[in-house]
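Results of the structural survey
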Amino acid sequence: MLELKKLIEELPKAELHLHIEGSLEPELMFTLAKRNNLDLPYASVEEIREAYNFNQLQDFLDIYYAGMSVLITEQDFYDLTMEYLQKCHQQNVRHVEIFFDPQGHTERGVTFATAITGINRALDDGLANFGISYKTIMCFLRHLSEENAFQTLNEAKEFIALIDGVGLDSSEVGNPPSKFQRVFAEAKSLGLKLVAHAGEEGPPSYVEEALALLKIDRLDHGNRAMESEALIKQLKKEHIALTVCPLSNLKLCVVDDLKDHPMREMLDQGLLATVNSDDPSYFGGYLNENFFALQESLDLSKEHIVTLIKNSFIGSFLSLDEKTNYLLEIDRHLAQQQSS
Ligand code: HPA
Ligand code: ZN
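Residues numbered from 1 in each chain as written. Chains lettered and ligands numbered in written order. Predicted model: local features only at pLDDT ≥ 70, side-chain atom pairs only at ≥ 80, totals over all residues. Heavy atoms only, no water.

Here the focus is the overall build of the protein. A tally of helices and strands in the protein yields 17 helices and eight strands. Taken against the 2.2 N^0.38 rule, which gives 20 Å for 340 residues, the C-alpha radius of gyration of the protein at 19 Å falls within 12% of a compact globule. Once the C-alpha set of the protein is aligned to its principal axes, its extents read approximately 55 × 40 × 40 Å. Counting across all 340 residues of the protein, residues that qualify as buried make up 57%. Within the protein, counting contacts between residues at least 6 apart in sequence, those at least 24 apart form 77% of the total. Mean positive and mean negative side-chain charge positions of the protein (30 and 54 charges, respectively) differ by 6 Å. (Helix = DSSP H or I, 4+ residues; strand = E, 2+ residues; numbered from the N terminus. Rg over C-alpha atoms; globule rule 2.2 N^0.38 Å. Buried < 20%, exposed > 50% of the residue type's maximum accessible area, 1.4 Å probe, protein only. Contact = heavy atoms within 4.5 Å. Lys, Arg positive; Asp, Glu negative; His and termini not counted. Charge placed at Lys NZ, Arg CZ, Asp CG, Glu CD.)

Structural data, given as structure tokens:
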């Protein structure tokens, strides 16, 4: 166990499912509220943490959108992103593909430009100072209209060089992927990668829609795909990576206990599953903590851990050369460990 913990800490890793607004720690929330002369409905950092008790996705989303309202200036977005990258650096996360929710900001009068330039400036500094490579994925809030998503995609065009893909998040049930079929088609025509949250709370048919109608390159969560033999087969055949989020699943009651988590089954079935933190500030752990908790609950082996970590690069949007370099580095590390 200790040896596996060390392995998780030491190997280079990629994180593919991370909402940057979900990495806002209560301490920074207070700092930014003060800086922007805003009142928070909490008296202390402890009180904020106590509010993080969720029975379902929507309970979390209500608090998540309220929390991000302290993000006002370009510097706020920079500070938010830089804090996350510092955590990544500490945990040996070497590549990140982060989500941001532009509509969570434009809806309250903060411009698209403010959010994306602050996030991107921090990502550039993270690359220069820590060597962390990155991709940026802009998510559409699925509880908002198709028209609103199109407007957001139009705003994004000015910054297209800073954006690698689009995603779909927020309240899943009642907002099926089909609602955004035309938006995703346009995003694809702009050369963007496509991902979508599906099968977190929503039924397997939402995963089917995400594949067939949105034509996603990668699936976020996908837990409920495990209810369908046909879907498992398709995900395998099309080499669709799943960005799974163990501590998020536990906190949002997608699983009652991590011992019941489908990750072992996903690996046994040969799916390209990865481990991610989703909204680490709200769910109680960054990437390594997600690995530790999952390893312990499912009694994962060294082979499982190495597969999951390699999958994080294989399932990324890096070039083949870049992926190969990271995979070789992992193999070198393992070989060195064996000979010492
Ligand atoms: N699911 C849906 N929407 C989200 C999530 C999530 O886990 N995190 C942030 N927005
Ligand atoms: Zn998510």
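One pass over the structure, following the stated rule, counts 13 aromatic pairs. Seen from their ring centres, phenylalanine 100 and phenylalanine 112 are 6.0 Å apart, and the 75° between their planes marks the pair as edge-to-face. Here phenylalanine 100, found in strand S2 (residues 93-100), pairs with phenylalanine 112, found in helix H7 (residues 112-130); they are twelve residues apart in sequence, far enough to count as distant. Exposure class is identical for phenylalanine 100 and phenylalanine 112. Each is buried. (Phe/Tyr/Trp six-rings, centres within 6.5 Å; stacked < 30°, edge-to-face > 60°.)

As a further point, take the pairing of strand S5 (residues 193-198). Counted residue by residue, S5 has five buried out of six residues, so it is predominantly covered. Sheet topology places strand S4 (residues 165-169) next to S5; two bridges connect them, and they run parallel. Paired with valine 166 across the bridge in S5 is leucine 194. Handedness of the S4-helix H9 (residues 181-189)-S5 crossover: right-handed. For S5 and strand S6 (residues 218-221), the ladder comprises four bridges, and the chain directions are parallel. Across the sheet, histidine 197 pairs through a bridge with aspartate 220, a residue of S6. You can see the chain leave S5, run along helix H10 (residues 204-214) and come back into S6, and the turn it takes is right-handed. (Pairing = 2+ DSSP bridges. Right-handed = clockwise from strand over helix to strand, strands pointing away.)

The next thing to look at is the coordination of the zinc ion (ligand 2). Angles between donor atoms at a metal ideally measure 109.5 degrees for a four-coordinate tetrahedral arrangement and either 90 or 180 degrees for a six-coordinate octahedral one. Only His17 (NE2), His19 (NE2), His197 (NE2) and Asp278 (OD) from the protein coordinate the zinc ion (ligand 2), and they sit 2.1 to 2.2 Å from it. Coordination geometry of the zinc ion (ligand 2): the four donor atoms subtend angles of 81 to 174° at the metal centre, consistent with an arrangement described as irregular. Site description for the zinc ion (ligand 2): donor spacing in sequence, H-x1-H-x177-H-x80-D. Of the two residues, histidine 197 is situated in strand S5 and aspartate 278 in the loop between strand S8 (272-275) and helix H14 (280-283); the sequence distance between them amounts to 81 residues. Pair check on accessibility: histidine 197 and aspartate 278 agree, each one buried. (Donors = N, O, S within 2.8 Å, 3.2 Å for Na, K, Ca; no water. Tetrahedral: all angles 85-135°; square planar, octahedral: opposite > 155°, others 65-115°.)

Our next topic: the site of ligand 1. Taken together, His19, Leu57, Phe60, Leu61, Tyr64, Asp169, Ser170, His197, Glu200, His221, Asp278 and Asp279 make up all the residues around ligand 1. Contacts to ligand 1 include glutamate 200, whose side-chain N or O atom sits 2.8 Å from a nitrogen atom. About the coverage of ligand 1: the protein hides 100% of its 260 Å² of free accessible area. Of all the elements, helix H4 (residues 57-67) adds the most residues to the shell around ligand 1, at four residues. By residue class, the composition of the shell around ligand 1 is four nonpolar, four polar and four charged. (Near = heavy atom within 4 Å. Polar contact = N/O pair within 3.5 Å; in protein donor to acceptor, adjacent residues only side chain to side chain. Areas by Shrake-Rupley, 256 points an atom, 1.4 Å probe, with all protein chains shown as cover. Nonpolar A, V, L, I, M, F, W, Y, C, P; charged D, E, K, R; others polar.)

To continue, consider empty space enclosed by the protein. This model, assessed by the stated rule, comprises one cavity of 30 Å³ or more. Roughly 110 Å³ of internal volume is contained in the largest cavity. For the largest cavity, the lining is made up of 16 residues, of which His19, Leu57, Leu61, Ser170 and His197 are closest to its centre. Looking at which element gives the most residues to the lining of the largest cavity, the answer is H4, with five residues. (1 Å grid on protein atoms, 1.4 Å probe; cavity = no way out; pocket = protein on both sides within 12 Å on 5 of 7 lines; lining within 4 Å. Points joined across faces, edges and corners; volume = space filled by probe spheres on them.)

Time to look at the pairing of S8. Every second residue of S8 is oriented toward a common face, with Leu272 and Thr274 on one face and Ala273 and Val275 on the other, all of them buried. Here four bridges tie strand S7 (residues 241-244) to S8, and the two strands are oriented parallel to one another. Each bridged residue has a counterpart across the sheet, and for threonine 243 the counterpart in S8 is threonine 274.

All right, on to the sheet that holds strand S1 (residues 13-19) then. Pairing is parallel across the open sheet formed by eight strands, whose spatial order is S1-S2-S3-S4-S5-S6-S7-S8. Both outer strands of the open sheet, S1 and S8, are each paired with one neighbouring strand and no more. On average, adjacent strands in this sheet sit at an angle of 25° to one another, irrespective of strand direction. Of the pairings in the sheet, the one linking S6 to S7 comprises three bridges and is parallel in character. Bridge pairing links arginine 218 to alanine 241 in S7. (Axes fitted to C-alpha atoms, helices over the stretch in contact; angles between N-to-C directions.)

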